[in-house]
Amino acid sequence: MPCSCIELETKYGQGECKCTRYREHFPDCECEKESVSEHSPGPVEDNEVLVRTLFRKQPIDQDGRLKPTYFRREPPSRGFSVDRVVVVGAESLEASKRTDGRYTGYLRFTAARSSDIRAAKVEDGTRLFCVYDSATLANRAHADICQNVNIPTGTENRRQLMMEFAWILRYAFGTPVQTPPTSLETP
Amino acid sequence: MSDAVTVSNLPPAVSALNELGGTPRQGIAFAPVEKSGQPRMGAPCDAGVRSTYQLRLRESGVSSWKPLRDLATSLWARNPYYLGVSVTPSSIGKLKLREELSSYTKLAQNWDGEGASPPTQAAVDDALAFLDNKPADIPWPFPEEGTDGDVGVYWDYIDESVFAEVMFEGNGTYAYFAVYGVPSAVIEKFSDSGMDVNSAWPDEMLRILRIRTSD
């Protein structure tokens, strides 16, 4: 069992089961209270804007919004990667994405406020998502949104809950735009 | 999105009205034209020959023809007499939705760069069967491709705080989630799973979707 959040992130940070491990070893977003990475400038604050980068057009629908499925796969498992715009700045963030290996000419950004993601709860009051400062050596602005509520395979209403959780996360993120947002209106 | 449509997967409103030389009577009319050409008022009688056409549309009573966006389509026409076929905007919505859903099965393994599996034909077939039961007053939803072989459709009326999503995994059933409100203030929400794709749509989901139309 990892002794600390940093140890957990070091061991599982790049894996498919990172969020599962956080839920198992540090439930209820315990690791939000401290840095989970030695490369981080500090835990993610509630007022921070978290920016998700899109390198492909496919997840965007005819209304210009992200499809619900886009928010379903990563939060329970590897984590939904975002960047902390306050750490790196919008221009630097955009420039770094243009040199990313996934960049093929298409670039959009969608953003959410950390506090809106942290405010999401399930009916018994349990926090739905945690936001961890999972910075890397190459990207000190990196953070992850991890689902705090486990829905094991085989759970009777699993698919319904997956849709509901994705709806909540999707609502927090705005319509994709061409430059990284630095501030947000309350959704 | 694939630009290939075959006669067999055109909606009945089109395929059943494969008439020669009819006059558009209502709504929007299809006409076969050669790519980059003008509308062919007398389509050739080349039954059984593969011919490539681009579908163009015109509104009844309007003489000019224009391509419908996202519907530049190659047509495998055994008997390409589509001039004068009348279809309603509703049929076009279904055609586009059907085409988009069907195109998802052609996605490659790892189509999202994150290890996604392409939707299965069974999942698409289930979605199409479900959509066959759409009540007339409910708008066509948006399609979406899942990452684990599944597909979905959804309605998103963010200004009215109405959202509904239906997922298909290809086992003959579906799951849905429908909500009126926003995450911080849900007014009403319903969900269920294991529903038969051939059955009538659940009243609870329809009630949410009709909130928008009843305003």
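The rules behind the values
- Residues numbered from 1 in each chain as written.
- Chains lettered and ligands numbered in written order.
- Predicted model: local features only at pLDDT ≥ 70, side-chain atom pairs only at ≥ 80, totals over all residues.
- Heavy atoms only, no water.
- Pairing = 2+ DSSP bridges.
- Helix = DSSP H or I, 4+ residues; strand = E, 2+ residues; numbered from the N terminus.
- Axes fitted to C-alpha atoms, helices over the stretch in contact; angles between N-to-C directions.
- Contact = heavy atoms within 4.5 Å.
- 1 Å grid on protein atoms, 1.4 Å probe; cavity = no way out; pocket = protein on both sides within 12 Å on 5 of 7 lines; lining within 4 Å.
- Points joined across faces, edges and corners; volume = space filled by probe spheres on them.
- Buried area = accessible area lost by both parts, 1.4 Å probe.
- Salt bridge = Lys/Arg side-chain N within 4 Å of Asp/Glu carboxyl O.
- Polar contact = N/O pair within 3.5 Å; in protein donor to acceptor, adjacent residues only side chain to side chain.
- Nonpolar A, V, L, I, M, F, W, Y, C, P; charged D, E, K, R; others polar.
- pLDDT = per-residue confidence, 0-100.
- Phe/Tyr/Trp six-rings, centres within 6.5 Å; stacked < 30°, edge-to-face > 60°.
- Buried < 20%, exposed > 50% of the residue type's maximum accessible area, 1.4 Å probe, protein only.

## With respect to the sheet that holds strand β4 (residues 129-132) of chain A
All names here are of chain A.
Here's step 1: With respect to topology, 5 strands assemble into an open sheet ordered β3-β1-β2-β5-β4, the strand pairing being antiparallel. Across the chains shown, the open sheet's two edge strands, defined by having one partner strand only, are β3 (108-113) and β4. Taken pair by pair, the neighbouring strands of this sheet meet at an average axis angle of 35°, ignoring direction.
Here's step 2: Helix α2 (residues 18-25) contacts β4 and β5 (142-147) of the sheet and is inclined by roughly 65° relative to β5.

## Describing empty space enclosed by the protein
Here's step 1: Within this structure, the stated rule accounts for 3 cavities of 30 Å³ or more.
Here's step 2: In this structure, the largest cavity encloses a volume near 90 Å³.
Here's step 3: For the largest cavity, the full set of lining residues is A:Arg65, A:Trp167, A:Arg170, A:Tyr171, B:Asp156, B:Tyr157, B:Ile158, B:Ser161, B:Val162, B:Phe163, B:Gly181 and B:Val182.
Here's step 4: Only α6 (158-172) of chain A together with β7 (151-157), β8 (162-168) and β9 (173-182) of chain B provide two or more residues apiece to the lining of the largest cavity.

## Some words on the interface of chain B and chain A
Here's step 1: Between chain B and chain A, the residue contacts involve 39 residues of the former and 24 residues of the latter.
Here's step 2: Together chain B and chain A conceal approximately 2800 Å² of surface at their shared face, both sides included; 51% is due to carbon and sulfur atoms.
Here's step 3: Among the residues chain B hides against chain A, the three largest losses belong to B:Glu114, B:Phe142 and B:Pro183. Together they make up 20% of the total.
Here's step 4: Viewed at the interface, chain A and chain B are joined by 11 salt bridges.
Here's step 5: Between B:Lys189 and A:Glu164 there is a salt bridge, with its nearest N and O atoms 2.4 Å apart.
Here's step 6: Where chain B meets chain A, there are 15 residue pairs in polar contact (both at pLDDT 80 or more).
Here's step 7: Of all the elements in the fold, those that place two or more residues in the side of chain B that touches chain A are β6 (142-145), β7, β8, β9 and β10 (185-196) of chain B.
Here's step 8: The biggest single contributor to the side of chain B that touches chain A is β9(B), with 8 residues.
Here's step 9: For the side of chain B that touches chain A, the residue count by class is 20 nonpolar, 8 polar and 11 charged.

## So, the confidence of the model for chain B
Here's step 1: Of all residues in chain B, 56% attain a pLDDT of 70 or more, and the chain-wide mean is 69.
Here's step 2: Contacts from residues 1-89 of chain B, a stretch scored under 50 in pLDDT, to residues over four places away or in other chains number 175 contacts.

## What to know about the packing of aromatic side chains
All names here are of chain A.
Here's step 1: Scanning all chains against the criterion turns up 15 aromatic pairs over all chains.
Here's step 2: Geometrically, the ring pair formed by Tyr 70 and Phe 80 is edge-to-face, given 5.9 Å between the ring centres and 80° between the ring planes. On the criterion of sequence distance, the pair formed by Tyr 70 in the loop between β1 (49-54) and β2 (80-84) and Phe 80 in strand β2 is long-range, its members being 10 residues apart.
Here's step 3: A relative accessible area of 18% places Tyr 70 in the buried class.

## Focus: the environment of A:Gly89
Here's step 1: Position of A:Gly89 among the secondary structure elements: in the loop between α3 (85-88) and α4 (90-98).
Here's step 2: Sequence separation between A:Gly89 and A:Pro181 is 92 residues, and the spatial gap between their C-alpha atoms is 9.8 Å.

## Some thoughts on the pairing of β1(A)
Residue and element names in this part refer to chain A.
Here's step 1: The buried fraction of β1 is high, at 6 of 6 residues.
Here's step 2: Bridge count between β1 and β3: 6 bridges; the pairing is antiparallel. Bridge assignment links Val 51 to a residue of β3, and that residue is Ala 111.

## Some details on the side chain of A:Thr53
Here's step 1: With respect to the element layout, A:Thr53 can be found in strand β1.
Here's step 2: Classification of A:Thr53 as buried rests on a relative accessible area of 12%.

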